[in-house]
Amino acid sequence: MAATEDNLLKNIISHAKEYGFIFPSSEIYDGLSAVYDYGQNGAELKNNIKEYWWKFMTMLNDNIVGIDSAIFMHPTIWKASGHVDAFNDPMVDNKDSKKRYRADVLVEDAIAKLQDKIDKEVEKAAKRFENFDKAMFVSTNARVLEYQKKIDEANARLKDAMNSSNMEAMKQLIIDLEVTDPISGTKNWTDVRQFNLMFSTEMGSVAEDANKIYLRPETAQGIFVNFLNVQKTGRMKIPFGIAQIGKAFRNEIVARQFIFRMREFEQMEMQFFVKPGKEMKWYEFWKEKRLKWHQALGLGNNNYRYHDHLNLAHYANAACDIQFNFPMGFKELEGIHSRTDFDLKSHEKYSGKKLQYFDSEDNQNYIPYVVETSVGLDRMFLSILSAAYQEEKLEDGSDRVVLRLPAALAPNKVAILPLMKKDGLPEKAMEILNHLKFDFRCFYEEKDAIGKRYRRQDAIGTPYCVTVDHQTLEDNTVTLRHRDTMKQDRVEIEQLKNIIQDSVSLASLLKKI
Ligand code: ATP
């Protein structure tokens, strides 16, 4: 049963479906591409992730407040934000396989392959020479220098082509890098075309007065246009932040890798408004804070790394990703961007309304600069699910699949299981359930052998099982089984709440940050 890297994602996808975490959308109609539904366990896990983020932002920071803005917004907002003109991805088709790709991703993959070649040269040399000096080798080895030159050139050309929307240059780059289609193996590419990722619809009851509006491609703009509302009504002083969780929609060219890239997804974004000139300090601050927030989950610090952006978006003066080691490799989980005053300034221009802050300490008005943290809720979900999913061979030779979810995020905190369906055990178990259910999400089950029931709870990540047996009726003690170690303790019913509370509370997680 042990999963190779290749089929790990497949196993996770089928586990997520089998145990009520994630279903393909509209499944009885054969699904809808890159859209997914969260099932009974998925919805709980997702809500817990949201709570972890929301509480961190709005409770642990006294200068951050949360809002919930509408998905539909005035269409001019998307003109001002640059999305109407520039929220494009370049797409290209392979004429033989008829498959469509993002041209910039093909180029980035080709660059990554060159980097792999350098890494291999370094690895080989490191094995060959004692006292190997990597820096010296990289700066003098002819083959490495040639690869590096190609990488630098390709990066510069990619940046130019993207910034100037020069799709011919992009096609030429694909040709020069000798990119082949992984499916057909040919280099038979169409021209590269720009494709706008926003979904549009019409608002209004009759065709003549209907207005074209967009489904928001990011939640951030709902924060920008409410910046003064929140600042004034909340008497907020700079620096301060506004947080929001909500749906976003992107008509992705290639949507794949399960919930990693969806067409309807959720974002958790925070815009932090600062005095101009102070943005780099806050950018560094949030970079570090956000990484700590991820690491506090205990999924392995090595699974996270920073990736600084070389090609900056039109609105940014610094940007990086926090990448996670997904089953398909290290990929973006969260973006941290220093967005300058681009958005507020542009909304001032398009709306004709002043969006300035009066700084009473300096006695001056200014448009604040913004540092943004933006994490996809669904990508968070996938990162947690994939790190938690483990296939184990036990000492007795049997297999178990366990989700080692951070206890505070698990859909159910405790399962209450009467050993048998008779002798008053279910009644006693219900009594315990009624005692615990106000504090924890509990699960009750009396069908099947206890071992089977334990495995089902392991598979959905329940940190504790409480088993009620005949001894319980005599001395009010139960068996408490721990998911990760499978260890069993005999404890008094009275103690249960305290024992469980300590390890499953969000507070325990938040205190680690
Ligand atoms: P990518 O480069 O992967 O397309 P992006 O840089 O366009 O992502 P941002 O615009 O910075 O992404 O969005 C912030 C976060 O929203 C991302 O870090 C990611 O977690 C999430 N996100 C973006 N697009 C999607 C999507 N199509 N499906 C799921 N999550 C997404």
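Each residue is numbered by its place in its chain's sequence as written, counting from 1. Only residues with pLDDT of at least 70 are given local features in this predicted model, and only at 80 or more are side-chain atom pairs given and counted; all residues enter the totals for whole chains, interfaces and linings. To obtain the side-chain values, all non-hydrogen atoms of the structure were included, while hydrogens and water were left out.

**Q** If you had to explain the site of the ligand to someone new, which residues and values would you point to?
**A** We call a residue near a molecule or strand when any one of its heavy atoms sits within 4 Å of it. In the vicinity of the ligand lie 16 residues, with Glu252, Arg261, Met262, Glu332 and Leu333 positioned nearest. At a separation of 2.8 Å, an oxygen atom of the ligand approaches a polar backbone atom of Leu333. Polar contact criterion, stated in full: a pair of N or O atoms within 3.5 Å, where within protein one must be able to donate a hydrogen and the other to accept it, and residues adjacent in sequence count only if both atoms are side-chain atoms. For the ligand, an oxygen atom lies 3.0 Å from a polar atom in the side chain of Arg379. All accessible-area figures derive from a Shrake-Rupley calculation using a 1.4 Å probe, and residue coverage is judged against the displayed protein chains alone. Here the ligand, which alone exposes 590 Å², has 86% of that area covered by the protein. Where helices and strands are cited, they refer to DSSP runs of H or I of at least four residues and of E of at least two residues respectively, numbered from the N terminus. Mapped onto the shell around the ligand, the elements with two or more residues apiece are β10 (264–274), β13 (329–340) and β16 (369–376). By residue number, the principal contributor to the shell around the ligand is β13, which donates five residues.

**Q** Lay out the domain arrangement of the protein chain in plain terms, naming residues and giving numbers.
**A** Put simply, an interface is often sized by how much accessible area is lost when its parts join up. Domain boundaries in the protein chain define domain 1 (1–72 + 211–403), domain 2 (88–196) and domain 3 (405–510). Each of domain 2 and domain 3 has a C-alpha centre, and the two are 53 Å apart. Segmentation into domains, and thus their bounds, comes from an automatic or database assignment.

**Q** Break down the sheet that holds strand β6 (residues 193–196) for me, with residues and values.
**A** Strand pairing requires that DSSP identify at least two bridges connecting the strands. Taken together, the three strands give an open sheet; going across it, the order is β5-β4-β6, and neighbouring strands pair in antiparallel fashion. Each edge of the open sheet is held by one strand with a lone partner, namely β5 (100–102) and β6. Between one strand axis and the next, the sheet turns by 45 degrees as a mean value, whatever way the strands run. Sheet analysis places strand β4 (residues 88–93) next to β5, joined by three bridges and oriented antiparallel. In the sheet register, Asp93 faces β5, and the bridge partner there is Arg100. By the convention used here, residues are in contact when the closest approach between their heavy atoms is within 4.5 Å. Helix axes are fitted only over the stretch in contact, all axes being lines through C-alpha atoms; the angle between N-to-C directions runs from 0 to 180 degrees. The sheet contacts of helix α5 (residues 103–128) involve β4 and β5, and relative to β5 the element is tilted by about 70 degrees.

**Q** Give a description of the packing of aromatic side chains that names residues and reports values.
**A** Aromatic rings from Phe, Tyr and Trp, with only the six-membered ring used for Trp, were paired whenever their centres fell within 6.5 Å, and each pair was classed as stacked if the ring planes differed by under 30 degrees, edge-to-face if by over 60, and tilted otherwise. For the structure shown, the criterion picks out 19 aromatic pairs. Note on Trp53 and Trp54: the rings are 6.4 Å apart at their centroids and 45 degrees apart in plane angle, and the pair reads as tilted. We call a residue buried when its accessible area falls under 20% of the maximum for its residue type, exposed when it is over 50%, and partly exposed in between, using a 1.4 Å probe and counting protein chains only. Residue classification places Trp54 among the partly exposed positions, given a relative accessible area of 30%. Put simply, the rings of Phe224, Phe227, Phe240 and Phe273 touch in pairs and so form one group of aromatic residues. Of note, Lys287 hangs over the ring of Tyr306, and the distance from its end group to the ring centre comes to 4.9 Å. In this scheme, Lys NZ or Arg CZ marks a charge over a ring once it lies within 6 Å of the ring centre and within 35 degrees of the ring normal. Directly above the ring of Phe260 sits Arg379, whose terminal nitrogen or CZ lies 3.7 Å from the centroid.

**Q** Give a detailed account of the sheet that holds β16, specifying residues and quantitative values.
**A** Strand order in the open sheet formed by seven strands is β3-β9-β10-β16-β13-β12-β11, with mixed pairing between adjacent strands. Among the strands making up the open sheet, the edge pair consists of β3 (64–67) and β11 (304–308). Pairwise comparison of adjacent strand axes, ignoring direction, gives a mean angle of 25 degrees for this sheet. In terms of strand pairing, strand β12 (residues 318–326) meets β13 through nine bridges, oriented antiparallel. Each bridged residue has a counterpart across the sheet, and for Ala318 the counterpart in β13 is Ser338.

**Q** How would you summarise the environment of Tyr214 if you had to cite specific residues and measurements?
**A** Relative to the assigned elements, Tyr214 resides in strand β8 (residues 211–214). For Tyr214, a relative accessible area of 11% corresponds to the buried category. With 35 residues separating them in the primary sequence, Tyr214 and Phe249 have C-alpha atoms 9.2 Å apart. Apart from the residues within four sequence positions on either side, Tyr214 is in contact with Ile71, Phe72, Pro75, Trp78, Val84, Met198, Phe199 and Ser200.

**Q** Lay out the pattern of salt bridges in plain terms, naming residues and giving numbers.
**A** Side-chain pairing between opposite charges can occur once the charged atoms of the two side chains come close. Any Lys or Arg side-chain nitrogen located within 4 Å of an Asp or Glu carboxyl oxygen qualifies as a salt bridge. As enumerated under the stated definition, the model contains 36 salt bridges in all. A salt bridge links Arg100 to Asp93, with the shortest nitrogen-to-oxygen separation between them at 2.9 Å. Relative accessible area serves as the criterion here: at 37%, Arg100 is assigned to the partly exposed category. Between Glu372 and Arg339 there is a salt bridge, with the nearest N and O atoms lying 2.6 Å from each other.

**Q** Describe helix α11 (residues 279–295), with residues and values.
**A** Compared with the 24 Å implied by 1.5 Å per residue over 17 residues, the 24 Å span of α11 between its first and last C-alpha is a close match. Taken together, the buried positions of α11 are occupied by Glu279, Trp282, Tyr283, Trp286, Lys287, Arg290, Leu291, Trp293 and His294. All buried residues of α11 fall inside an arc of 165 degrees around its axis, so they share one side. Expected span of a helix, by definition, is 1.5 Å for each gap between consecutive residues, and there is one gap fewer than residues. Of all possible arcs, the one meant is that of the directions from the helix axis to the C-beta atoms.

**Q** Help me get a handle on the side chain of Glu445, residues and values and all.
**A** One can find Glu445 in the loop between β20 (442–444) and α15 (450–460). What Glu445 contacts, discounting residues up to four positions off in sequence, is Ile416, Leu417, Pro418, Arg453, Arg456 and Gln457.

**Q** Could you give an account of unusual backbone geometry, with specific residues and numbers?
**A** Put simply, Ile238 and Pro239 share a cis peptide bond, and its omega is 5 degrees. Here Pro239 shows up in the loop between α10 (227–233) and β9 (240–249). You will see that Glu178, though not glycine, has its phi angle at about 55 degrees, which is positive. The backbone phi angle of Asp448 is positive, close to 80 degrees, even though this residue is not glycine. Mapping Asp448 onto the fold places it in the loop between β20 and α15. Using a relative accessible area of 35% as the deciding quantity, one classes Asp448 as partly exposed.

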